[in-house]
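Each chain, written out:
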Amino acid sequence: MVNEAKIEIDASSSLNELQEVKVKYLGKKGLLTAELKTLGSLEPEARKAKGAAVNMVKNELEMMFEARETALKDAELARKLSSEALDVSLPGIPFQAGGFHLITRIIDDLSDIYRGMGYAVVQGQEVEDELHNFDALNIPGYHPARDQWDTFWLKDNRVLRTHTSPMQIRFMEAHEAPFKIVVPGKVFRFEQTDATHEAMFHQLEGLVVGEGITLADQKGTLAEMAKGLFGSRAKVRFQPSYYPFTEPSADFAVYWENPRTGAAKWLELGGCGMVHPRVFEAVCKLRNDDKYAHARGFAFGLGIERLAMIKYGIPDIRYFFQNDLRVLRQFRGNLD
Ligand code: DAH
């Protein structure tokens, strides 16, 4: 009976068909039920033996029905799922991966290098007053940077800052020495633009104030920066110069081997020097105390575009800000 039932169970291709087979064997009038009913008329010994045999068959049949039922249900579910399936594999709308702007990258690189030397990275304001942009930095009224042809003046006598140096004053007004800061940010000049001049560009200012600070610290710091940017063989050179807010003042250049061309040359990057006593005097006045009266420190400033032009081989400063994707895309794989 088990073999016959198995054939019929396997052959039933729906739950309904299976149910019919089940009734045929296990139903009230089913074949197995009929066998069970014959037990009553048997001798006790024979009844026991047959009873056990019939029960085994019953168990076996029930297991077979259950297994087939599960298989049919699974198949039914799979059919349903596949008939109702949504094709989610259509290609999407491509999304262009972006990257950081080259100027942002240089600022990030520089900030990392200086943080590594214990500097704080701070930011100033882009609209400044005359006092912070000029006077407190010992830039006299006759200095050419004050000319309306050099500077963007607002109607209320404020200016779009012409350099990041005003943050030297602002930081000392609000903080005590010793400290080390760098200040990256935008600066503005009323310029005729060409391949190396823009009306808006970026600088990085540095200021270190503390006991016993010398020009040697300044040079070591800039050398460390040069190595961080251009590799361990980079060197720094100072050349005497003049800035109203430093004394002595120097311009600094970095010796750098271009990995693309192999050419090596000195590259003017910015200015630096020991903070001028008049700058500290101006800070004392603004703070209304004499905490900076005998302070010592060094300051430096450099142009970020110039650095980016060299590092990435960009021949014209205007390319940075024209948003021409042909320029920017070359460097987009840089979301690091
Ligand atoms: N502020 C100067 C400029 O815009 C750059 C500079 C030179 C900054 C010397 C400094 C410095 O802090 O010491 O040309």
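The structure presented is a predicted model; accordingly, all values stated were derived computationally and were not measured.

Tell me about the side chain of His-202, and please be specific about residues and values.
Here His-202 is to be found in strand β5 (residues 200-209). Side-chain polar atoms of His-202 contact the side chain of Glu-305, separated by 2.7 Å. Leaving out residues up to four positions away in the same chain, His-202 has contacts with Ile-103, Ile-107, Gly-185, Lys-186, Leu-302, Gly-303, Ile-304, Glu-305 and Phe-321.

Please provide a residue-by-residue account of the pairing of strand β7 (residues 246-257), values included.
Two elements, strand β6 (residues 235-241) and β7, share seven bridges in a ladder whose sense is antiparallel. When the sheet's bridge partners are listed, Lys-235 is paired in β7 with Tyr-255. In this structure, the hairpin formed by β6 and β7 is closed by a connection of four residues. Judged from the 10 bridges that link them, β7 and strand β8 (residues 264-275) form a sheet pairing that is antiparallel. Its bridge partner being in β8, Ala-250 is matched across the sheet by Cys-272.

Kindly report on the site of the ligand, identifying the contributing residues and their values.
Every one of the 15 residues lining the ligand counts as a neighbour, but His-163, Ser-165, Arg-189, Gln-203 and Glu-205 are closest to it. In the environment of the ligand, a nitrogen atom lies 2.9 Å from a nitrogen or oxygen atom belonging to the side chain of His-163. At 2.7 Å, a side-chain N or O of Glu-205 approaches an oxygen atom of the ligand. Expressed as a share of its isolated accessible area of 350 Å², the protein-covered part of the ligand is 89%. Of all the secondary structure elements, the ones that give two or more residues to the shell around the ligand are β5, β8 and β9 (297-303). The residue inventory of the shell around the ligand, partitioned by class, reads five nonpolar, eight polar and two charged.

Explain a negative patch on the surface to me, using residue names and the numbers behind them.
Negative charge collects at one region of the surface, where Asp-147, Asp-150, Glu-191 and Asp-194 lie side by side. With respect to the helices and strands, the residue Asp-150 is situated in the loop between α6 (130-133) and β3 (159-160). Take Asp-150: its relative accessible area is 33%, and that puts it in the partly exposed class.

Mind laying out the side chain of Arg-287, listing which residues take part and the relevant values?
Summarising the element assignment, Arg-287 is placed in helix α9 (residues 277-287). In this structure, Arg-287 is in contact with Met-172, Glu-173, His-175, Glu-176 and Tyr-292, ignoring residues within four places of it in sequence.

Can you break down the packing of aromatic side chains residue by residue, with the values?
On inspection of all chains with the given rule, the structure shows 12 aromatic pairs. Ring pairs connect the aromatic residues Tyr-114, Tyr-119, Phe-298 and Phe-300, which therefore count as one cluster. Sitting over the ring of Phe-238, Lys-219 keeps its end group 5.6 Å from the ring centre. The ring centre of Tyr-255 lies 4.8 Å from the NZ or CZ of Lys-235, which sits over that ring.

Just give me the short version of helix α5 (residues 102-116), but keep the residues and values in it.
Here α5 spans 21 Å end to end across 15 residues, near enough to the 21 Å set by a 1.5 Å rise per residue. For α5, the set of buried residues is Leu-102, Ile-103, Arg-105, Ile-106, Ile-107, Leu-110, Ser-111, Ile-113 and Tyr-114. On its buried face, α5 sits against β1 (120-121), β4 (179-188), β5, α8 (215-230), β9 and α10 (304-312). The positive-phi residue at the C-terminal boundary of α5 is Gly-118, with phi of around 90 degrees.

Describe the nonpolar core, with residues and values.
Judged by nonpolar contacts, the single largest core of 42 residues is most densely connected at Leu-110, Tyr-114, Met-225, Phe-252 and Phe-300. Sorting the residues of this core by element identifies α5, β5, α8, β7, β8, β9 and α10 as the ones contributing at least two each. The biggest single contributor to this core is α5, with seven residues. When sequence neighbours within four positions are dropped, the list of residues in contact with Tyr-114 reads Tyr-119, Val-182, Leu-204, Thr-221, Leu-222, Met-225 and Phe-300.

Before we move on, can you summarise the domain arrangement of the protein with the specific residues and values?
In many analyses, interface size is given as the accessible surface area lost on bringing the parts together. One can read the domain layout of the protein as domain 1 (2-83) and domain 2 (102-328). Here the C-alpha centre of domain 2 lies 91 Å away from the C-alpha centre of domain 1.

So what's going on with unusual backbone geometry? Residues and values would help.
One can expect most non-glycine residues to show negative phi and most peptide bonds to be in trans. Note that the residue after Ala-177, namely Pro-178, is joined by a cis bond; omega there is 0 degrees. Mapped onto the secondary structure, Pro-178 falls in the loop between α7 (166-174) and β4. A positive phi angle, close to 65 degrees, is found at Asn-138, a residue other than glycine. Position of Asn-138 among the secondary structure elements: in the loop between α6 and β3.

Give me the lowdown on the sheet that holds β6, citing residues and values where you can.
In space, the seven strands of this open sheet follow the order β1-β4-β5-β9-β8-β7-β6, with mixed pairing throughout. With one partner strand each, in any of the chains shown, β1 and β6 form the two edges of the open sheet. Together, β1, β4, β5 and β9 form the strand contacts of α5, whose direction differs from that of β5 by roughly 5 degrees.

Conventions used here
Residues numbered from 1 in each chain as written. Predicted model: local features only at pLDDT ≥ 70, side-chain atom pairs only at ≥ 80, totals over all residues. Heavy atoms only, no water. Helix = DSSP H or I, 4+ residues; strand = E, 2+ residues; numbered from the N terminus. Polar contact = N/O pair within 3.5 Å; in protein donor to acceptor, adjacent residues only side chain to side chain. Contact = heavy atoms within 4.5 Å. Pairing = 2+ DSSP bridges. Near = heavy atom within 4 Å. Areas by Shrake-Rupley, 256 points an atom, 1.4 Å probe, with all protein chains shown as cover. Nonpolar A, V, L, I, M, F, W, Y, C, P; charged D, E, K, R; others polar. Patch = residues over 30% accessible without salt bridge, like charges linked within 9 Å, V, L, I, M, F, W, Y side chains within 5 Å. Salt bridge = Lys/Arg side-chain N within 4 Å of Asp/Glu carboxyl O. Lys, Arg positive; Asp, Glu negative; His and termini not counted. Charge placed at Lys NZ, Arg CZ, Asp CG, Glu CD. Buried < 20%, exposed > 50% of the residue type's maximum accessible area, 1.4 Å probe, protein only. Phe/Tyr/Trp six-rings, centres within 6.5 Å; stacked < 30°, edge-to-face > 60°. Lys NZ or Arg CZ within 6 Å of the ring centre and 35° of its normal. Expected span 1.5 Å × (residues − 1). Core = buried A, V, L, I, M, F, W, Y, C linked by side-chain atoms within 4.5 Å. Domains from an automatic or database assignment. Axes fitted to C-alpha atoms, helices over the stretch in contact; angles between N-to-C directions.

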